[in-house]
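Each chain, letter by letter, is given below.
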Amino acid sequence: MQADSAGVNPTRPCKARWRIRTSLVWLVAASMLPGMLLSAWFIVSDYQQHKAQAIQRAIAIARAGTASLDRDLAGTTAALRVLASSNSLHHDDLATFYLQAQDALPYQAISNYVLINETGHQMLNTLKPWGAALPAVGGPPQLQRIFKTGEPVLTDVFTGPVTGKPILALGVPVKRDGHTLYSLNAGIFPERIAKVLMSQNLPHNWISAVLDSKGNIVARTHEMDRFVGKPAVPDLIRMSRQSSEGVLETITLEGIPVITAFSRSSVSDWSVAVGIPQTQLTAELKRSLFTLLIASMLLFASALWVAWRLAVTRVMAPANELLKRMQAMASGQAPGMVDIQHTPEEFVMLEHGFAELSARLREREQEREAKLAAEAANRAKTAFLSRMSHELRTPLNAVLGFTQVLQLDHEEALTERQRHMIALIESSGQHLLSMISDVLDFSRIESGQLRMEITRIHADDLIDECQSMMATESMRAGVHLTVSNTSPDRHVLADRTRLKQVLLNLLSNAIKYNRPGGVVTLNLHSHGNCLRFTVQDTGLGIPPEQITHLFEPFNRLGRHHSDKPGAGIGLVICKQLLELMGGQLQVRSQADQGSEFWFDLPLAP
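Residues numbered from 1 in each chain as written. Predicted model: local features only at pLDDT ≥ 70, side-chain atom pairs only at ≥ 80, totals over all residues. Heavy atoms only, no water.

Draft legend 1. The packing of aromatic side chains, seen in detail. The tally for this structure, following the rule as stated, stands at two aromatic pairs. Here Tyr98 and Trp130 contribute two aromatic rings whose centre-to-centre distance is 5.9 Å and whose plane-to-plane angle is 45°, an arrangement assigned as tilted. Here the residue Tyr98 occupies a position in helix α3 (residues 94–104), and Trp130 occupies one in the loop between β2 (122–125) and α4 (145–149), the gap between them amounting to 32 residues. On the basis of relative accessible area, Tyr98 is assigned to the buried category, the value being 8%. Summarising the aromatic geometry, the rings of Phe533 and Phe599 are spaced 5.1 Å apart at their centres and angled 10° between planes, so their arrangement reads as stacked. With Phe533 in strand β16 (residues 530–537) and Phe599 in strand β18 (residues 594–602), the pair connects residues that are 66 residues apart, well separated along the chain. (Phe/Tyr/Trp six-rings, centres within 6.5 Å; stacked < 30°, edge-to-face > 60°. Helix = DSSP H or I, 4+ residues; strand = E, 2+ residues; numbered from the N terminus. Buried < 20%, exposed > 50% of the residue type's maximum accessible area, 1.4 Å probe, protein only.)

In structure tokens, the structure reads:
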């Protein structure tokens, strides 16, 4: 067999781009990928949900811490108000009030009591014995608001002048006759505030802190001694001043990335912040993703092994067997029997398909060889016809010449019977010469040696010539020949000689197969960008079952023994000549009602 048009040699195996096992590996991966992506999506969604729940819990803890802190400070404020209403203070008996304050200390979780006058000087301090020298500065300037507003004041964290440690003060006014004489203050160590934070039962590693109105750390659950009194991170300070509640991602003072939720008290203007370490949130996500990765790898390895086994036993082995059978078929050997019990159904179908394909290829090869033989025979026939036509024309022309010499000889005039016989010889010779010319044209057309000279032709002149040439034949047959031209002065693109040959052949057939008194009409009219030539007669017509054989060479449709001369190739030549000129011969006919032949040729510009 020959190579195909793409230049691929079918007997030479091509290098494959991939193998079936590789395709199965990709199939396994593609099958598992959606499940893995879906699992990862569920894990990430669960992480997001867990993160949202943790943030909501942190916000709830911050709110609860703020509420607990407000309640604790409210209790201390109430106790201070009771102590501030003591009679000893009302009568300026500060020594007795000092003893009362000392007695009240065990019942309050505070460090000391401090009594400050309107000028800011300490009048007594339970951290010092009665009558001992006291610091000139009574406390932070915030306590002076008590004398201005007459309302309790909670200070920010500051360094105590007596203890030298971070402390905060809660003060209430001591009034007499509506005038604030003193401020009674309770010193509160940050450890008390830290206990409030610890009572919220924070999850492990969560970090909570209390910030004063300036954003300084009052208490903290982690490394409190290190950070009390220092400012919190700037982002937390800024957001706590802008909003009463919120969530943000920050980094703690010790450098731990956290998600912080905060809530600010509307009473004390302090804030409680709760930080969730991001590592704690992502650790579970990492564990889930790692578990998914390990499980996916194990599953992928198992599926890959199963796919490999299936590829070897159920795909590769039958495929190799099929290839062996195909090679046997290609070499002309018997492919042998296929084991249907151990071969997949698809490969069995492929086996049958290749067997059928092999049979069809053998048939096509036989058909090709037969076609080549037929073409060779046809070429030989064409060459023979061409040579014989030339060989026959020479003696025939001589015969026709002698008949003309005999007819023109006036010295030895022919008898009437001799002239009749000479006329028959001339008529038969002319008919034979016409048949030889037709056969020669037919052989030239089939061999592709007939040349066409397409030129611009005046249709009216050509029609007049054809009408004049066929006038004698139509009169002899008793047939009326008419021309109908609805598109005068038109030009077409065609070979003048061959177009004239076609028209004369069609008109001759219309006259030949007509009946005495019949009519033959040659009609010309425009049809789009073409000129349509129509030859219509009122003759014998053609039965429908014979129209399909009309253009078969040497087929006279059962009229071989009639008195009408002809070889049966005139219409075939007309059809082929018109196709060479870009036209198509069409026919419409009914028995005993005549025939109509027409064709279109392009109009010349």
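So, next bit.
Draft legend 2. Layout of the environment of Phe189. Considering the arrangement of structural elements, one finds Phe189 in the loop between β6 (179–188) and α5 (190–198). Note on Phe189: relative accessible area 26%, which makes it partly exposed. Sequence separation between Phe189 and Ala219 is 30 residues, and the spatial gap between their C-alpha atoms is 9.2 Å.

Draft legend 3. Seen up close, the sheet that holds β16. Read from one edge to the other, the open sheet built from five strands follows the order β13-β15-β16-β18-β17, with strand pairing classed as mixed. Each edge of the open sheet is held by one strand with a lone partner, namely β13 (480–485) and β17 (586–590). On average, each strand axis in the sheet is tilted by 15° relative to the strand beside it, whichever way the strands run. (Pairing = 2+ DSSP bridges. Axes fitted to C-alpha atoms, helices over the stretch in contact; angles between N-to-C directions.)

Draft legend 4. The arrangement of the pattern of salt bridges in detail. Applying the stated rule across the entire model yields 14 salt bridges. Salt-bridge contacts for Glu254 lead to Arg220; the nearest nitrogen and oxygen are separated by 2.6 Å. Taken as a pair, Glu254 in the loop between β9 (245–251) and β10 (257–264) and Arg220 in strand β8 (residues 217–220) lie far apart in primary sequence, 34 residues in all. What makes Glu254 partly exposed here is its relative accessible area of 22%. Taking the shortest distance from any N to any O, the salt bridge between Asp269 and Arg264 comes out at 3.8 Å. We classify Asp269 as partly exposed; its relative accessible area is 37%. Through salt bridges with shared partners, one network takes in Glu465, Arg496 and Lys500. (Salt bridge = Lys/Arg side-chain N within 4 Å of Asp/Glu carboxyl O.)

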